[in-house]
Amino acid sequence: MPPRLNKRQLRELQELEELQKSKAASAPGLPTENEVELDEESEEEIAAPTRSAGGFGALDLGDGEDEDEDDGEIDSTTPAKSKKKNKKKKKKPSTVGADSPSVEDSEVAATPAPTEQQTETPVKKNKKKAKAKKPEVKKETKVDDGMDEIDRALAELATKNGGGGAENETVASMNQRIDPKWAAVKEVFAFETKYLDSDAELRRMFGSKVIGNAPTAPRSHLHARFANNPHHSTSIRRSASHLAAPEAGWPSASGTLGLTRYEGPESDADPSGDWHTYVHPPSYKQAQLMFLEVLQQADGNRLFDVLAAQPYHIDTLMQLSEMMTQQGDLGAAATHLSRALYALSTPLPATFPSGNFRLPFSQIENRAFFVGIARQVALHFKRGTWRTAFEFSKIALGTGGGHDPVGMLCWIDFLAPKAGQNDWFLKLLPTLATAYPDMHVESYPGLAFAKALVLRNMEDEKKEDHEKSTEALKSAIIRFPMVATLLSNSLAFDLPPAMVSHRRAQPDGAFTKNPSYLLSLLSELYVARSAPLWKDPASLSWLRKAVTAATPLLDDSSLEDVRLGEKLWSEGAFDEGVAPAGVIRAAFISDIASIRPYLPPSARSGTTYSFDPLPPTSPNATFYDDTYFSSLYAATNSRRRGRNVVQRGPGGGARNGADVAAAMRDGLARMLGIGAGDGAMALTPELREELMRELEMLGGAGGMPGGFGDAEEDEEEDEDRDYDENGEEEGTEEERLENTRNILGRLGALFGGGGGAAAQRDQE
């Protein structure tokens, strides 16, 4: 009597019969059961999918437990031959030759034929077979071939693909490593964005309980009922930018500025990074024109009118920040400056912190970035957040490449020792000396004294003696004895008589044409900022001993420091009587009382603006001139005459100043209350009379743009004018520029603000 089968086995038999019928219907030529051999291993592989093919088998309802229970009802000696119908069938060798075996033959042939003992083994025991051991993988030893992971992967890919000669040459050129000096430049210029948060630095110093977390910005500037609603149509999330985190109520700054690749003399001379330049859209240029008109009106309240038209106008925000700083309101100054930096950081690429982002200072669109960063460093200096100020100084120094347009080296000599960036500072000096020899880092007194402080900090951390730092301090004193004199005046300690009377130890005291002017200016800048670093008793005692030891060596020409110091004092590292423009800008932005006498007359006489201090003089420098506003003028004139009257010459600039004259006439007319303006300003009779004369010189009060005069008379007068074939008003170049020459100069002198550097160059 056959053994009793459980429900699972009955279900399997039924499914096997259905499968057998389907195979017979689809492949009638298959061999019979007598023509095949049993294969226990292949049986297990087929049984699982067959069991889940139909019915409840596909649900995996825990048949494994039932199997353990039901197997007890089956005789253990009964072989598993009842599943013979589900075996894979192996065809007998055919008498007809075949080019290749069938798929089933290949699968069966891959499995070894089971023995008789294996055939009689139950399925349960078959599951406990040990798995095949995986082949051991030999560990490859890494070879230092001077390539990084990407270059090595490209080389291996080229080897596997077996590329031709041209491809191998391309891969070889890609595998050429970057010049080590540029790689070092990127390393020292890289920064971490987490250290740009001054509030986080204050929390690290004083604890989160003392300095609370700043409130997060809402999703929109609307009421909290709508701002906190994630389903509201105006809900927007503003993520923190690289340079500033948006505060509550700030609108989105996307689209305010653009960024594009730059190709020019700076990018050709410095391949250390990717050069970009900001792009101002037409709406921003309109706000810029309003800003320049407000500066001529000398009315600070009108700056808010510019922000009403363009909430993220950079120059206006920085002008307000400077005004708040002068009034002592550092909180409002920081807010305005943060808004400007937030707008500037919106178009920056994701690779900005990597140290390879560059901006040319020669382009007027980029100068606001450098000036804004420099003012941010000055604000954090006053707040005492040294690490934040240090990171911002790295940004300005690295973005300018090897030019240092706002004199960040004059800040780093204080910030690096104060923020504890000792290792970084020791890497900076040789990197700059190798990659940018024109920077002449050996001529900066502050860097030499900062090196001594950095070495002393490292010796204190390692609990070593001060041998190296003392030698570095003596070297700095021998090379720049002027700093020792200024430090003695600031810290009130006595100097040896030989040091007091030495010629190289005497600062100039004001702006001069002497070659020693640069050393005097740099020494004054360093002492004005870094004197507190030497105030503690240990540092002061160390300084006094070093000065006493260095004084007898000031005239020893066998020393390299003496020879270099004599050369810098008598010849200067740069042109005679000229200091780097970045150092002058740093002194101008610092607004230190002791530095003002050292500023050149052009920076002290008011002939320059705070939004563009000491404009560059390079041939490719751009300004807020006709070329910048040409797109606005072209659109205005095309609406009036249906043609573009601004013709760009070979140099890319507009060839006439009629558009500037029209804009200035509009501004003067609004001030005087002529036409459809906002009403006249409160002017004295003398000032009103002077402005009327200026208005007449610019073209008269009748028929001027801006809505004053009769429109029909304007059209008739415009039709009576003679234009050449290019749309330009006839006349010589000198006649067309006669009324627009020195416009900014005259108005600036009238309001006591100077005429700007560009106007001064035109007058000269």
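1. As for the overall build of the protein
Check the secondary structure of the protein and you find 36 helices and 3 strands. Here the protein holds 764 residues, and the buried ones make up 44% of them. Within the protein, contacts between residues at least 6 apart in sequence are counted, and of these 70% link residues at least 24 apart.

2. Quick look at the packing of aromatic side chains
For the coordinates displayed, the defined rule picks out 22 aromatic pairs. Arranged with centres 5.9 Å apart and planes meeting at 45°, the rings of W250 and Y342 form a pair that is tilted. Here the residue W250 occupies a position in the loop between α11 (224-227) and β1 (258-261), and Y342 occupies one in helix α16 (residues 330-345), the gap between them amounting to 92 residues. Owing to a relative accessible area of 6%, Y342 belongs among the buried residues under this scheme. One aromatic cluster is present, formed by F191, Y278, F352, F357, F361, F369 and F370 through successive ring pairs.

3. Considerations on the sheet that holds β1
Ordered by their spatial adjacency, 3 strands build an open sheet running β1-β2-β3, and the pairing between neighbours is mixed. At either margin of the open sheet sits one strand with a lone partner, and together these are β1 and β3 (357-358). Bridge count for strand β2 (residues 274-279) against β3 is 2 bridges, and the pairing is parallel. Looking at the pairing, D274 lines up with F357 of β3.

4. A few points about the packing of helix α21 (residues 445-462) against helix α22 (residues 467-479)
Where α21 meets α22, the closest approach of the two axes is 8 Å, and the angle between their N-to-C directions is 170°. Between α21 and α22, the crossing angle belongs to the class labelled roughly antiparallel. Two secondary-structure elements touch here, α21 through A448, F449, A452, L455, R456 and E459 and α22 through E467, K468, S469, A472, L473, A476 and I477. Tallied by class, residues from the contact of α21 with α22 come to 8 nonpolar, 1 polar and 4 charged.

5. What about the pairing of β2?
Of the pairings in the sheet, the one linking β1 to β2 comprises 4 bridges and is antiparallel in character. Within β2, the residue paired with R261 across the bridge is H276.

6. Re the environment of V371
Within the secondary structure layout, V371 lies in helix α17 (residues 364-383). Separated by 239 residues in sequence, V371 and S610 have C-alpha atoms that sit 8.9 Å apart. Non-local contacts of V371, meaning those with residues more than four positions away in its chain, are made with M318, V406, S610, F611 and P613.

7. As for the side chain of S272
Within the secondary structure, S272 sits in the loop between α12 (265-269) and β2. The class for S272 is buried, based on a relative accessible area of 0%. At 3.2 Å, the side chain of S272 and the side chain of R358 are in polar contact. Within the structure, the side chain of S272 is placed 3.3 Å from the side chain of Y436, a separation counted as a polar contact. Contact partners of S272, with chain neighbours within four places excluded, come to W182, V185, K186, N356, R358 and Y436.

8. Focus: the environment of A350
Tracing the chain through its elements places A350 in the loop between α16 and β3. On the basis of relative accessible area, A350 is assigned to the exposed category, the value being 74%. Once the C-alpha coordinates of A350 and H242 are considered, the two residues, 108 residues apart in sequence, prove to be 9.0 Å apart.

9. Some details on a negative patch on the surface
Residues E464, D465, E467 and E471 make up a contiguous surface patch of negative charge. With relative accessibility at 46%, the residue E464 sits in the partly exposed group.

10. A few points about the pattern of salt bridges
If you walk through the whole model with that rule in mind, you get 12 salt bridges. For K427, the salt bridge is made with E187, and the minimal N-O distance between the two is 3.6 Å. Of this pair, K427 sits in helix α20 (residues 422-435) while E187 sits in helix α9 (residues 180-189), placing them 240 residues apart in sequence. Residue classification places K427 among the partly exposed residues on the basis of a relative accessible area of 44%. Note that R504 and E566 form a salt bridge whose closest N and O atoms lie 3.3 Å from each other. Of the two residues, R504 sits in the loop between α24 (497-500) and α25 (517-530) while E566 sits in helix α27 (residues 560-570), which places them 62 residues apart along the sequence. Looking at R504, the relative accessible area reads 2%, which means it is buried.

Definitions and cut-offs
- Residues numbered from 1 in each chain as written.
- Predicted model: local features only at pLDDT ≥ 70, side-chain atom pairs only at ≥ 80, totals over all residues.
- Heavy atoms only, no water.
- Helix = DSSP H or I, 4+ residues; strand = E, 2+ residues; numbered from the N terminus.
- Buried < 20%, exposed > 50% of the residue type's maximum accessible area, 1.4 Å probe, protein only.
- Contact = heavy atoms within 4.5 Å.
- Phe/Tyr/Trp six-rings, centres within 6.5 Å; stacked < 30°, edge-to-face > 60°.
- Pairing = 2+ DSSP bridges.
- Axes fitted to C-alpha atoms, helices over the stretch in contact; angles between N-to-C directions.
- Parallel < 35°, antiparallel > 145°, perpendicular 65-115°, else oblique.
- Nonpolar A, V, L, I, M, F, W, Y, C, P; charged D, E, K, R; others polar.
- Polar contact = N/O pair within 3.5 Å; in protein donor to acceptor, adjacent residues only side chain to side chain.
- Patch = residues over 30% accessible without salt bridge, like charges linked within 9 Å, V, L, I, M, F, W, Y side chains within 5 Å.
- Areas by Shrake-Rupley, 256 points an atom, 1.4 Å probe, with all protein chains shown as cover.
- Salt bridge = Lys/Arg side-chain N within 4 Å of Asp/Glu carboxyl O.
- Lys, Arg positive; Asp, Glu negative; His and termini not counted.
- Charge placed at Lys NZ, Arg CZ, Asp CG, Glu CD.

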